[in-house]
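Fold and geometry: a report
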Number of protein chains: 2
Amino acid sequence: MKKKIIIAIDAMGGENAPNKNIEGVSIFLKKNLKDDFELHLYGDENIINKELVKHNIVSNSVKIFHTNEAVADDETPLTAIKNSKNTSMWNSVNAQLTNNADITLSAGNTGVLLVISRMILKMINDVSRPALAGLWPSQKGMSVVLDLGANIECEEKNLIDFAEMGSALFKSIFPDQKPHVALLNIGSEEIKGTEILKKAHSKLKELSNENNFIFNGYIEGNKLMEGNSNVIITDGFTGNVALKTAEGTAKFLIDNLKKSLSENILSKISLLFSYFSLKKFKLKLDARKYNGAIFLGLNGPVVKSHGGTDALGFYYSIDLCYKIIKGNLMTQIKNNLKHLNVKN
Amino acid sequence: MKKKIIIAIDAMGGENAPNKNIEGVSIFLKKNLKDDFELHLYGDENIINKELVKHNIVSNSVKIFHTNEAVADDETPLTAIKNSKNTSMWNSVNAQLTNNADITLSAGNTGVLLVISRMILKMINDVSRPALAGLWPSQKGMSVVLDLGANIECEEKNLIDFAEMGSALFKSIFPDQKPHVALLNIGSEEIKGTEILKKAHSKLKELSNENNFIFNGYIEGNKLMEGNSNVIITDGFTGNVALKTAEGTAKFLIDNLKKSLSENILSKISLLFSYFSLKKFKLKLDARKYNGAIFLGLNGPVVKSHGGTDALGFYYSIDLCYKIIKGNLMTQIKNNLKHLNVKN
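Residues numbered from 1 in each chain as written. Chains lettered and ligands numbered in written order. Predicted model: local features only at pLDDT ≥ 70, side-chain atom pairs only at ≥ 80, totals over all residues.

So, the relation of the copies chain A and chain B
With an RMSD of 0.0 Å, the fit of chain A onto chain B corresponds to turning through 180° and sliding 0.0 Å along the axis. In short, the pair behaves as if placed about a two-fold rotation axis. Minimal C-alpha separation from the rotation axis in chain A is found for A:S270, amounting to 2.0 Å. The fraction of interface residues of chain A whose copies in chain B are also interface residues reaches 100%, indicating that both copies meet through the same surface. (Least-squares fit on C-alpha atoms with pLDDT ≥ 70 in both. Contact = placed C-beta atoms within 7 Å.)

Digging into the pairing of strand 7 (residues 180–184) of chain B
Residue and element names in this part refer to chain B. Of all five residues in strand 7, five are buried; the element is thus mostly enclosed. A two-sided burial pattern is seen for strand 7, the buried positions comprising H180, A182 and L184 on one face and V181 and L183 on the other. The sheet contact formed by strand 7 and strand 8 (residues 214–219) spans four bridges and is parallel. In the strand pairing of strand 8, L183 is matched with Y218. Note that the unit made of strand 7, helix 7 (residues 195–207) and strand 8 has a crossover that is right-handed. Inspection of the sheet shows strand 7 paired to strand 9 (residues 231–233) by three bridges, in the parallel sense. Opposite L183, over in strand 9, you have I233 as the bridge partner. (Buried ≥ 20, exposed ≤ 12 C-beta atoms within 10 Å, placed from the backbone. Helix = DSSP H or I, 4+ residues; strand = E, 2+ residues; numbered from the N terminus. Pairing = 2+ DSSP bridges. Right-handed = clockwise from strand over helix to strand, strands pointing away.)

With respect to the interface of chain A and chain B
Taken together, the contact between chain A and chain B spans 46 residues of the former and 46 residues of the latter. Mapped by element, the contributors of at least two residues to the side of chain A that touches chain B are helix 8 (236–261) and helix 9 (265–284) of chain A. Partitioned by chemical class, the residues of the side of chain A that touches chain B number 20 nonpolar, 18 polar and eight charged. (Nonpolar A, V, L, I, M, F, W, Y, C, P; charged D, E, K, R; others polar.)

Considerations on the sheet that holds strand 6 (residues 141–146) of chain B
All names here are of chain B. If you trace the 11 strands from one edge of the open sheet to the other, you get 3-2-1-4-11-10-5-6-9-7-8, paired in mixed fashion. Two strands close off the open sheet at either side, each with one partner strand: strand 3 (62–66) and strand 8. Strand-to-strand twist across the sheet, computed as the mean angle between neighbouring axes with direction ignored, equals 25°. (Axes fitted to C-alpha atoms, helices over the stretch in contact; angles between N-to-C directions.)

Overview of the sheet that holds strand 9 (residues 231–233) of chain A
Residues and elements named next belong to chain A. One open sheet accounts for 11 strands, arranged 3-2-1-4-11-10-5-6-9-7-8; its pairing is mixed. Edge positions in the sheet fall to strand 3 (62–66) and strand 8 (214–219), since each has one partner strand and no second. Each strand axis lies, on average, 25° off the axis of its neighbour in the sheet, ignoring direction. Summarising the sheet, strand 1 (residues 5–10) and strand 4 (residues 103–106) pair through three bridges and their orientation is parallel. Following the sheet pairing, I9 is matched in strand 4 by L105.

Focus on the domain arrangement of chain A
Residues and elements named next belong to chain A. According to the domain assignment, chain A consists of domain 1 (1–126 + 297–327) and domain 2 (128–295). Taking the mean C-alpha position of each, domain 1 and domain 2 sit 25 Å from one another. Contacts between the two partners involve 21 residues from domain 1 and, on the opposite side, 17 residues from domain 2. For the side of domain 1 that touches domain 2, the element with the most residues is helix 10 (residues 311–326), which contributes seven residues. Of the residues assigned to the side of domain 1 that touches domain 2, the class counts are 10 nonpolar, eight polar and three charged. (Domains from an automatic or database assignment.)

Let's talk about the nonpolar core
Core analysis: the largest hydrophobic core is formed by 189 residues, its most contacted members being A:I7, A:A133, B:I7 and B:A133. Setting aside chain neighbours within four positions, we find B:I7 in contact with B:F37, B:L39, B:H40, B:A101, B:D102, B:I103, B:L105, B:I318, B:C321 and B:Y322. (Core = buried A, V, L, I, M, F, W, Y, C linked by C-beta atoms within 7 Å.)

Looking at the packing of helix 4 (residues 88–98) of chain A against helix 5 (residues 110–121) of chain A
Residue and element names in this part refer to chain A. In contact at an axis separation of 10 Å, helix 4 and helix 5 are set at 30° when each is read in the N-to-C sense. The orientation of helix 4 relative to helix 5 falls into the category roughly parallel. Once helix 4 is placed against helix 5, the crossing between them reads as right-handed. Where helix 4 approaches helix 5, its residues M89, W90, V93, N94, Q96 and L97 are matched on the opposing element by V112, L113, I116, S117, I120 and L121. In terms of residue class, the contact of helix 4 with helix 5 is made up of nine nonpolar, three polar and no charged. (Parallel < 35°, antiparallel > 145°, perpendicular 65-115°, else oblique. Left-handed = near helix turned anticlockwise from the far one by under 90°.)

Structure below.
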């Protein structure tokens, strides 16, 4: 019998926890009718049980693992290391060592989650820094972008690790597509950019092949969403600024569009006719679909859900965990890094 | 009699030059009926004259300065220095030394324009690097963002120069508003970011005052367009990526919106009712309104119009030149830098 996919969920992390976490679980159970997974919920047994009853969840695929405490949102990584051993977050990560969990999901404090995960799971040999990868919509589907803020300064070695791990992540989530890697820069010519980018560029060109990833060269910010490259590599400072700038731009445009379309009686009538089209437009670009940043570089995958997301957003990050394990992320990463070592 | 504002225009630079340049001039003359300016057109006299006739331009405010050559789009800065003395670009910049021009506008080759400008106009004392500043829409109007790509790596001294010059630029374009400076970073807490950012942060905090600029601290990418800060300071690598990512995001959203609103008969009907509202929305966010990057740090202002813009975009950059000189940019910069020197 094939081993079931076990997802360890920090039920107490994030705003409105555990309500939105358990509602997210209930959406997942309705949408995924297979029996090849178990959801292990870490947190206060009484509270979780009440939420399960509220959402009519009766399922053999859900198990509760009681913990007394939860990591506070204002806790710093330093104090958390000492104080967190009884928390739902610590135990949901530790579940990968003690309770056969394949992956951990939390919507709690990001800094603490990163430090705890690194401490418990340890770095993969030959990878010096963990990265935070995210999903990004494009004209052709979705792209993986990393680093999104774990490393504000990077050497070329880090960027190459990110390319190897990012393309492994892409292959695990989208098994039918090939990863096309590009390096974020301010021009597309080979002579552009910092010395670190130029060195990473020439190394990635060497590593580019059908089995590993295809290297497309440099990419500029305005081409990110065209989708010709689907694994975007950058340092954590630039990646974080780019991601947040895209979010801010989208919000600015949508706010202005809403204002324009409700300013007079004619435009309000137009809203009646365009209702379903605009709803589809909104759905396609719903930020909750891209919820879930993946910590890469540790000996086990950890997914961070946005703290402020709702039940649907939390559902999407449970689904992301499921896909990542189904697609054998850790094996893909090890294969890609093996390839890297041969070349070195 | 007060001296007229003299704008030296490279009539031969950019795609579709001189057609779009001269059409831009004609729009400017129709919209600006004052007689406090002169437009000096540098380029081939015969060709320019034909364009002036085509656009029915008969005006004492327009003068032609004949040049034989134009800088090619594929010219590199290195070869251009030797070959460009007879070009419209060189002479329109040199006009600030020889023909009383206050400012230069070109839509030609950016790299060549930057090198020629620096060579002819020289750096302002105490400013070590020139910066490229641009305009960015916000919920409260417009912001100034710099550097957009002239310096891919910056020290804290450069960032402080950018803040001083950027707030001077803001004051010259928007004389009724106060400059509120913010430093682009990946978090808003003081402990976040690189060492260079932390040093620049503490120096800008010291310099913040009502006469100079108000320092708002760090800003994250998602807040750029809220408009609470209107002078955004960053290194050229990050600024370039942020600007282009915002452009790409806007294009992605608008393309998807168009597709959604033309997908069926109902949504097509809705377009009839929302026609004027959507047109206003489009106008408000028209990229041509933000056309024109300003080189700061030289002993004279140079504006680079986007090479691919049309006549309306070129008009907006002529108007930007006019506003900058009317608002006494160079005096504002000198005042701001004087203040900086006192503090040093």
